[in-house]
Amino acid sequence: MGEPLLRLDGVWREYPSGDQSIAALKGLDLTIEAGEMVAIVGVSGSGKSTLMNILGCLDRPTRGSYRVAGHDTREMSPDQLAELRREHFGFIFQRYHLLSILDAVGNVEVPAVYAGRARPARRERAVALLRRLGLGDRLDHTPAQLSGGQQQRVSVARALVNGGRVILADEPTGALDRKSGEDMLALLKELHAEGHTIIIVTHDAAVAAHAERIIEISDGEILADRREGAPRSAPEQDFAPLADGHDWHAFADRAREALRMALLAMSAHRLRTFLTMLGIIIGIAAVVSVVALGEGARQKILSDISSIGTNTIDILPGKDFGDMRSGRVRTLVPRDAEALRQFDFVDSVTPSLASSRTLRYRNVSVTATINGVGAEYFRVRGYELADGAFFADRDVQRRAQEAVIDDNTLKQVFGDEADPIGQVILLGDVPVRVIGVTKKRVAAFGNPDALQVWIPYTTAMNRVLGQTYLQRITVRVADGYATKDAESQIVQMMLKRHRAKDFFVINTDTIRQTVDKTTATMTLLVSAIAVISLVVGGIGVMNIMLVSVTERTREIGVRMAVGARQSDIMQQFLIEAILVCLLGGVLGVGLAFAIDAVVGRFGSVKMVISAGSIAAAFGCSSAIGVAFGFLPARHAARLDPVEALARE
Ligand code: ADP
Ligand code: MG
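Reading the values: rules and limits
- Residues numbered from 1 in each chain as written.
- Chains lettered and ligands numbered in written order.
- Predicted model: local features only at pLDDT ≥ 70, side-chain atom pairs only at ≥ 80, totals over all residues.
- Heavy atoms only, no water.
- Near = heavy atom within 4 Å.
- Polar contact = N/O pair within 3.5 Å; in protein donor to acceptor, adjacent residues only side chain to side chain.
- Areas by Shrake-Rupley, 256 points an atom, 1.4 Å probe, with all protein chains shown as cover.
- Salt bridge = Lys/Arg side-chain N within 4 Å of Asp/Glu carboxyl O.
- Helix = DSSP H or I, 4+ residues; strand = E, 2+ residues; numbered from the N terminus.
- Buried < 20%, exposed > 50% of the residue type's maximum accessible area, 1.4 Å probe, protein only.
- 1 Å grid on protein atoms, 1.4 Å probe; cavity = no way out; pocket = protein on both sides within 12 Å on 5 of 7 lines; lining within 4 Å.
- Points joined across faces, edges and corners; volume = space filled by probe spheres on them.
- Nonpolar A, V, L, I, M, F, W, Y, C, P; charged D, E, K, R; others polar.
- Patch = residues over 30% accessible without salt bridge, like charges linked within 9 Å, V, L, I, M, F, W, Y side chains within 5 Å.
- Domains from an automatic or database assignment.
- Phe/Tyr/Trp six-rings, centres within 6.5 Å; stacked < 30°, edge-to-face > 60°.
- Lys NZ or Arg CZ within 6 Å of the ring centre and 35° of its normal.
- Pairing = 2+ DSSP bridges.
- Contact = heavy atoms within 4.5 Å.
- Axes fitted to C-alpha atoms, helices over the stretch in contact; angles between N-to-C directions.

Teacher, can you tell me more about the site of ligand 1 here?
What surrounds ligand 1 is the set Tyr15, Ala24, Val43, Ser44, Gly45, Ser46, Gly47, Lys48, Ser49 and Thr50. At 2.7 Å, a backbone N or O of Gly45 approaches an oxygen atom of ligand 1. A distance of 2.9 Å separates an oxygen atom of ligand 1 from a polar atom in the backbone of Lys48. Protein chains bury 59% of the 550 Å² of accessible surface belonging to ligand 1 in isolation.

Listed below in structure tokens is the structure:
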């Protein structure tokens, strides 16, 4: 004779109670053969449910052994027990335990999803089972839309979807009216006749009378075990399982089901989900906009710098920017500029000085900035002519009294009508002839409304401003030379000439680096604040997920009873956490774009939202989901199925 289907040897189940323990089962020996229909009867508290949970592999004996088809359950891992429940057992509970957010078909499908059955096959099987149980017109009804008897039939279909060799029914008629109860018993007998092993737990002798074997237990011990007639030899049943989905497909399918469940759960608590996301939304929006603002500011400043001209090195009097005494340093002279010309890396050298003077023309009198510059100045700075010509080196050498004016000056002094070229204006008391007008351009630094007049620096020093020293020498480095090397050679020469460090040097590379560094620092700082808000948001998500696990403990128990692995439960809650965060990320990026629109309309700096920062935002928010969803998800996965089921 082969192994019996189910076999208990000396099974004890003790619950700790204070210092002592209460034994719900006291050394039970019991075998149940395949194809039997057994009723377990006893008064309330006698240990029936405890026995049932052990038979169904939801619970383990504290002592003794339980074998299923010869395999000792003591040696099985939680996931192996889950597989047994999934593939061989089918549970029917007194309170149905259907998942309220799924319809009838969805509920019946759940064990098949965990078993990795192909989607069309399991759908077809679920629908066929429901039709057979008389629920063909209730397929898409949720439990709330079904009567008790109908719900119980859905749970029978669920028990059968993976085969259901052994049906375990704990008080299946307990919550039903008489008629529905009788229908249920008739259904169980029918399944028995087809070869299913049926185990019913009941306190009702009338229900037990339907079984062919009645086991009476009292206070955790078997009182009687009697058979009504000889055991029928059950028809050999074909438990051919449904076609399995491909491994990868099965995994993707489980993930998709988990995703669907997560979406359902989220939409069931829309306001709560949104409030949970708020921290993430704000954090992501802050990070994305700050990075975009920083990048916008950086790009603006860099484009301003390139309008000054590239590859230039400026030598200025004083120790550094903002040196109070620099106005009194008079050692920067044209001879320095001449000396610098000797370097072979020099493309051009432009001495300059500037001061304000009154500009007069006929009856117009305005204050203008008089810039004394070299002939190369316009090319180095990238000025373009609207009219006339720039002065040349020759004009600089002969201290020509000629001026180039900008478009502002043109407008202010000459108005629209007169042709300025060839007109003589007075700078202070010195008459100069206008020879050129520059095109309008956006001022990089300084006052955009200032009137600019350029004259040869020699003319400025000797005739107009009357000063012997320069305020700046701009060296343009020829292409192909490293600005850094050029700078250090310039510094050495200037030190030799002045025998003191009474000057300082800036080059556009340095400015660019400074700008980069400054925006990087700013971005880092604000990002740090945003990270804090993201962490706070993440803690909010964790908190809500813990609440959600607690709220849905019974659902988790049901899922475990029908064969969900710990990893399935974990996956479901992790996906939910990630989804909340990811959605928060999407809304956050959306908010950043809204801020961008507002800033673009009212602000002077354009935000530059890059694809990279959007990708980073999504990466970041999913990472938060994983990080802060992990704890609640693990908490859910580690729940004890029996305790979870008992929770209301
Ligand atoms: P029945 O289903 O026959 O009414 P149970 O199997 O539910 O009885 O319970 C049997 C005994 O075990 C009862 O005395 C009950 O108080 C005890 N018991 C059941 N579950 C627990 C538990 N989780 N912790 C402590 N005691 C329990
Ligand atoms: Mg019970």
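Help me understand the pattern of salt bridges, please; the structure alone is not making it clear to me.
Here the idea is simple: oppositely charged side chains can pair when their charged atoms come close. This structure, assessed with the given rule, holds 42 salt bridges. Notably, a salt bridge pairs Glu36 with Arg227, separated by 2.6 Å at the nearest N-O pair. With Glu36 in the loop between strand E2 (20-32) and strand E3 (37-41) and Arg227 in strand E10 (residues 221-227), this residue pair connects regions lying 191 residues apart in the sequence. The class of Arg227 is partly exposed, set by a relative accessible area of 43%. Here Arg132 ties to Glu194 by a salt bridge, and the two come within 2.8 Å at their closest N and O atoms. One end of the pair, Arg132, is in helix H4 (residues 119-132); the other, Glu194, is in the loop between helix H6 (178-193) and strand E8 (197-202), with 62 residues separating them in the sequence. The class for Arg132 is partly exposed, based on a relative accessible area of 39%. Salt bridges sharing common partners tie together Glu109, Arg119, Arg122, Arg123, Asp253, Arg256, Glu257 and Arg260.

So what exactly am I meant to see when it comes to empty space enclosed by the protein here?
Where empty space is left can be seen by rolling a probe of water-molecule size over the atoms. Enumeration over the complete set of coordinates arrives at three cavities of 30 Å³ or more. For the lining of the largest cavity, the class distribution of residues is six nonpolar, three polar and six charged. Computed from the structure, the second largest cavity encloses a volume of approximately 80 Å³. As for the second largest cavity, its lining consists of Arg85, Arg86, Phe89, Gly90, Phe91, Pro111, Arg158, Ala159, Val161, Asn162, Ala561 and Val562. Going through the elements one at a time, helix H2 (78-87), strand E6 (89-92) and helix H5 (148-160) are the ones with two or more residues in the lining of the second largest cavity. It is E6 that provides the largest number of residues to the lining of the second largest cavity, a total of three residues. Here the residues of the lining of the second largest cavity sort into seven nonpolar, two polar and three charged.

For this particular structure, what's the right way to read a nonpolar patch on the surface?
A surface patch of nonpolar side chains, about 700 Å² in accessible area, is lined by Leu271, Phe274, Leu275, Leu278, Ile282, Leu583, Val586 and Leu587. Those elements that provide at least two residues to the nonpolar patch are helix H9 (270-308) and helix H18 (566-602). Looking at the nonpolar patch element by element, the count peaks at five residues for H9. Turning to its location among the elements, Leu587 is positioned in helix H18.

Hey, could you run me through the layout of surface pockets in this one?
The volume enclosed by the second largest pocket comes to roughly 600 Å³. As for the second largest pocket, its lining consists of 24 residues, and the residues nearest its centre are Ser49, Asn53, Phe93, Gln94 and Asp170. Looking at the lining of the second largest pocket, the elements that each hand over two or more residues are helix H1 (48-55), E6, strand E7 (166-170) and helix H20 (641-646). Counting residues per element, the lining of the second largest pocket draws most heavily on H1, at five residues. For the lining of the second largest pocket, the class distribution of residues is nine nonpolar, 10 polar and five charged. Looking at which domains feed residues into the lining of the second largest pocket, each of domain 1 (6-246) and domain 2 (257-302 + 514-646) gives three or more.

Honestly, the packing of aromatic side chains in this entry has me stumped. Any pointers?
For any pair of aromatic rings, the description rests on two quantities: the centre-to-centre distance and the angle between the ring planes. Under the criterion given, the structure shown has 11 aromatic pairs. The interplanar angle of 20° and the centroid separation of 6.0 Å between the aromatic rings of Tyr377 and Tyr383 together place this pair among those described as stacked. The burial state of Tyr377 is the same as that of Tyr383; both residues are buried. One aromatic cluster in this structure is built from Tyr377, Phe378, Tyr383, Phe390, Phe391 and Trp454. Positioned above the aromatic ring of Trp12 is the side chain of Arg63, whose terminal nitrogen or guanidinium carbon lies 4.5 Å from the ring centre. Between the NZ or CZ atom of Lys501 and the centre of the ring of Phe503, over which it lies, the distance is 4.8 Å.

Explanation requested: the sheet that holds strand E4 (residues 63-68) in the structure shown.
Hydrogen bonding along the main chain pairs the strands of a sheet, whether they run parallel or antiparallel. As summarised here, the arrangement of the four strands in space is E2-E1-E4-E5, forming an open sheet in which the pairing is antiparallel. Either end of the sheet is taken by a strand with one partner, and the two such strands are E2 and strand E5 (71-72). Pairing of strand E1 (residues 6-17) with E2 involves 10 bridges; the strand directions are antiparallel. Within E2, the residue paired with Glu14 across the bridge is Ala23. Seen against the sheet, H1 touches E1, E2 and E4 and runs at an angle of roughly 125° to E1.

How should helix H3 (residues 104-114) be read in this particular structure?
Quick reminder: α-helices carry 3.6 residues per turn. Residues three or four places apart thus point the same way. The buried count for H3 comes to 11 of 11 residues, which makes it a mostly enclosed element. All buried positions along H3 are accounted for by Ala104, Val105, Gly106, Asn107, Val108, Glu109, Val110, Pro111, Ala112, Val113 and Tyr114. Structurally, H3 contributes buried residues whose contacts are with H2, H4, H5, helix H8 (247-268), helix H17 (553-561) and H18. Downstream of H3 by a residue or two, Gly116 has a phi angle that is positive, lying close to 75°.

Would you explain the environment of Leu259 in this entry?
Relative to the helices and strands, Leu259 is located in helix H8. Classification of Leu259 as partly exposed rests on a relative accessible area of 34%. Along the primary structure Leu259 and Gly372 are separated by 113 residues, whereas in three dimensions their C-alpha atoms are 72 Å apart. For Leu259, the residues in contact, after removing those within four places along its chain, are Ile575 and Leu579.

In short, shape yes, function no, at least from these values alone.
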